[in-house]
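What follows is each chain in one-letter form.
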Amino acid sequence: MPTALITGVTGQDGSYLAELLLEKGYEVHGIKRRASSFNAERVDHIYQSPHVDGAKFKLHYGDLTDSSNLTRIINAVQPDEVYNLGAQSHVAVSFESPEYTADVDGLGTLRLLEAIRFLGLEKKTRFYQASTSELFGLVQEIPQRETTPFYPRSPYAAAKMYAYWITVNYRESYGMYACNGILFNHESPRRGETFVTRKITRGIANIAQGLEPCLFLGNMDALRDWEHAKDYVRMQWMMLQQETAEDFVIATGKQISVREFVRLSAREAGLEVEFSGQGVEEIVTVSKVIDPHKAPAASVGDVIVRVDPRYFRPAEVETLLGDPTKAKEKLGWQCEITVEEMCAEMVANDLDIARKHALLKRHGHAVNVAIE
Ligand code: NDP
Ligand code: GDR
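Residues numbered from 1 in each chain as written. Chains lettered and ligands numbered in written order. Predicted model: local features only at pLDDT ≥ 70, side-chain atom pairs only at ≥ 80, totals over all residues.

A. Structural detail: the site of ligand 2. Around ligand 2 lies a shell of 21 residues, among which Val 91, Thr 132, Val 196, Gly 218 and Ala 222 are the nearest. Counting residues per element, the ones that place at least two in the shell around ligand 2 are α3 (91–96) and α6 (196–208). Looking at the shell around ligand 2 residue by residue, the class counts come to nine nonpolar, seven polar and five charged. Shared between two domains, the shell around ligand 2 takes at least three residues from each, and those domains are domain 1 (3–183) and domain 2 (196–223 + 257–314 + 338–363). (Near = placed C-beta within 6 Å. Helix = DSSP H or I, 4+ residues; strand = E, 2+ residues; numbered from the N terminus. Nonpolar A, V, L, I, M, F, W, Y, C, P; charged D, E, K, R; others polar. Domains from an automatic or database assignment.)

Here is the structure:
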């Protein structure tokens, strides 16, 4: 039975990847951070009690800033595969906490690679690094492929650039099977609530159910190549099953704007919307209620989105569009879920949550609908 270790197992990708590897018969170990309350909601459904014999899913407390802890875990687990998905993954937050982001996202990767080497596992343990389309930042070529020059535009991207190159360096220096998946944005109902897609689907669902009046966004012109996380974790596993380690761009080759994602989400929540105004004055208004069952609280003329410059970034990545040709040819990559299908799943999930919250609210209970 192969053994895998996942950092960031409590995150969006970590939870989908753990499910996939368990289905494939792996023993899966995950590193979770200590928090003052339970923080493993995304993996609750696959949690197995450590008191039961033969548990295939095991969690270890740890942190990417702690070398000795990482070394001890890797020594205990002796993994065949390490997936480094742990990160301070929010681009905007990286401007607020640049040093911490560099420590976790940049040096954290080095700490794992060094632990594998120090323990003499460099010929046994395969290593996957969660690299990102943010490396392309200020884009030098459209679409972006494996050979496109990097131009990071945030402390997050700069830290991930270090992680990218140290992964390549350990492959070339020590013959490790270590590779980078340069993944474009991927989302799901498990996406963190402060990333723009989930913020939109959750915000519009809350508005439709009368839990809040309006959603505030930043740059609605930004263009992204969005896909479903489930499709992308399959690629993370595939990248570690090749004869030789290589880096791959994983993308759909299609992009839409944040504005268009607002339109798609509103439609899924039973609303037609229109956009007016420019820049910080831009607003999104309900022009038709198509499905009053989904949106009982909305009326024509309601302003449901406004721009708040608080969400503008000191340096923005305006457009990302990936070219997945190499992954298609070498890995047989087939993108299976469209952005429309993904959006429909996210809105349905958030409408479900919003209905439950609305019910609780009607019965006098406090509900948390906070949006950041
Ligand atoms: P999430 O933010 O959902 O998950 C990040 C995970 O990292 C969480 O489990 C988090 O733990 C953990 N983590 C954060 N800080 C530390 C730390 N100091 N030590 C150990 N673990 C830590 O990210 P995603 O699942 O969306 O992304 C997975 C990886 O892929 C990340 O590295 C991200 O940068 C990268 N990526 C993501 C893309 C996307 O579109 N989703 C695209 C390209 C790359 P906790 O739950 O306790 O916060
Ligand atoms: P991104 O994702 O920065 O691409 O990083 P995010 O969803 O945060 O932003 C996408 C674009 O939307 C614009 N935007 C807003 N973003 C947020 N979060 N909140 C807003 O209110 C808002 N309004 C507009 C942003 O300016 C940006 O242009 C994600 C993360 O998962 C990274 O870890 C990963 O590496 C990259 O995707 C690929």
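B. Representation of the sheet that holds strand β13 (residues 271–276) within the structure. A sheet is described by the order of its strands in space; here four strands give the open sequence β8-β15-β14-β13, paired in mixed fashion. Since the sheet does not close on itself, it has two edges, and those belong to β8 (215–217) and β13, each with one partner. Neighbour to neighbour, the strand axes of the sheet diverge by 25 degrees on average, direction disregarded. Bridging between β8 and strand β15 (residues 303–307) involves three bridges; their strand directions are parallel. The residue bridging Leu 217 from the neighbouring strand is Val 307, located in β15. α6 rests against β8, β13 and β15 of the sheet, and its axis sits at about 155 degrees to β8. Contacts from helix α8 (residues 258–268) reach β8, β13, β14 (283–289) and β15 within the one sheet, and its direction differs from that of β13 by about 155 degrees. (Pairing = 2+ DSSP bridges. Axes fitted to C-alpha atoms, helices over the stretch in contact; angles between N-to-C directions. Contact = placed C-beta atoms within 7 Å.)

C. View of the domain arrangement of the chain. As assigned here, the chain comprises domain 1 (3–183) and domain 2 (196–223 + 257–314 + 338–363). Computed from C-alpha atoms alone, the centre-to-centre distance between domain 1 and domain 2 is 32 Å.

D. Broad picture of the packing of helix α1 (residues 12–23) against helix α7 (residues 229–239). Axis separation between α1 and α7 bottoms out at 9 Å; the angle between their running directions is 60 degrees. Where α1 crosses over α7, the two elements pack in a sense that is right-handed. Residues Gln 12, Asp 13, Tyr 16, Leu 17, Leu 20 and Leu 21 of α1 touch α7, and the partners they reach there are Ala 229, Lys 230, Val 233, Arg 234, Gln 236 and Trp 237. (Left-handed = near helix turned anticlockwise from the far one by under 90°.)

E. A look at the site of ligand 1. Neighbouring residues of ligand 1: 25 residues in total, closest Gly 8, Gly 11, Gly 86, Ala 87 and Ala 130. For the shell around ligand 1, the elements supplying multiple residues, two or more each, are α1 and β5 (126–132). The biggest single contributor to the shell around ligand 1 is α1, with three residues. Residue composition of the shell around ligand 1, grouped by class: seven nonpolar, 15 polar and three charged.

F. Region of interest: the sheet that holds β5. Here seven strands make up an open sheet; going across it, the order is β3-β2-β1-β4-β5-β6-β11 and the pairing parallel. Bordering the open sheet on either side are β3 (57–61) and β11 (248–250), each of which pairs with just one other strand. Neighbour-to-neighbour, the strand axes of the sheet open up by a mean angle of 20 degrees, direction not taken into account. Where strand β1 (residues 3–7) lies against strand β4 (residues 81–84), four bridges are found, and the strand directions are parallel. Counted as the bridge partner of Thr 7 is Asn 84 from β4.

G. Broad picture of the nonpolar core. Counting 63 residues, the largest nonpolar core has Ile 6, Leu 17, Phe 127 and Ile 250 as the members making the most contacts within it. A total of nine residues in this core trace back to one element, the largest contributor, which is helix α5 (residues 155–174). If we ignore the near neighbours within four places in the chain, the residues touching Leu 17 are Ile 6, Tyr 83, Leu 85, Val 233 and Gln 236. Membership of the second largest hydrophobic core comes to 33 residues, among which are Ile 200, Val 305, Val 339 and Ala 354. (Core = buried A, V, L, I, M, F, W, Y, C linked by C-beta atoms within 7 Å. Buried ≥ 20, exposed ≤ 12 C-beta atoms within 10 Å, placed from the backbone.)

H. Representation of unusual backbone geometry in the model. In this structure, the amide linkage connecting Ile 142 to the following residue, Pro 143, adopts the cis form with an omega of -5 degrees. Structurally, the position occupied by Pro 143 is in the loop between β5 and α5. One non-glycine residue, Gln 78, adopts positive backbone phi at about 50 degrees. For Gln 78, the position within the fold is in the loop between α2 (67–77) and β4. With 13 C-beta atoms packed within 10 Å, Gln 78 lands in the partly exposed category.

I. Just α1, in detail. Over its twelve residues, α1 extends 17 Å from the first C-alpha to the last, a length consistent with the 16 Å expected when each residue adds 1.5 Å. Of the positions making up α1, those classed as buried are Gln 12, Asp 13, Gly 14, Ser 15, Tyr 16, Leu 17, Ala 18 and Leu 21. If you follow the buried residues of α1, they end up packed against β1, β2 (27–32), β3, β4 and α7. Downstream of α1 by a residue or two, Gly 25 has a phi angle that is positive, lying close to 90 degrees. (Expected span 1.5 Å × (residues − 1).)

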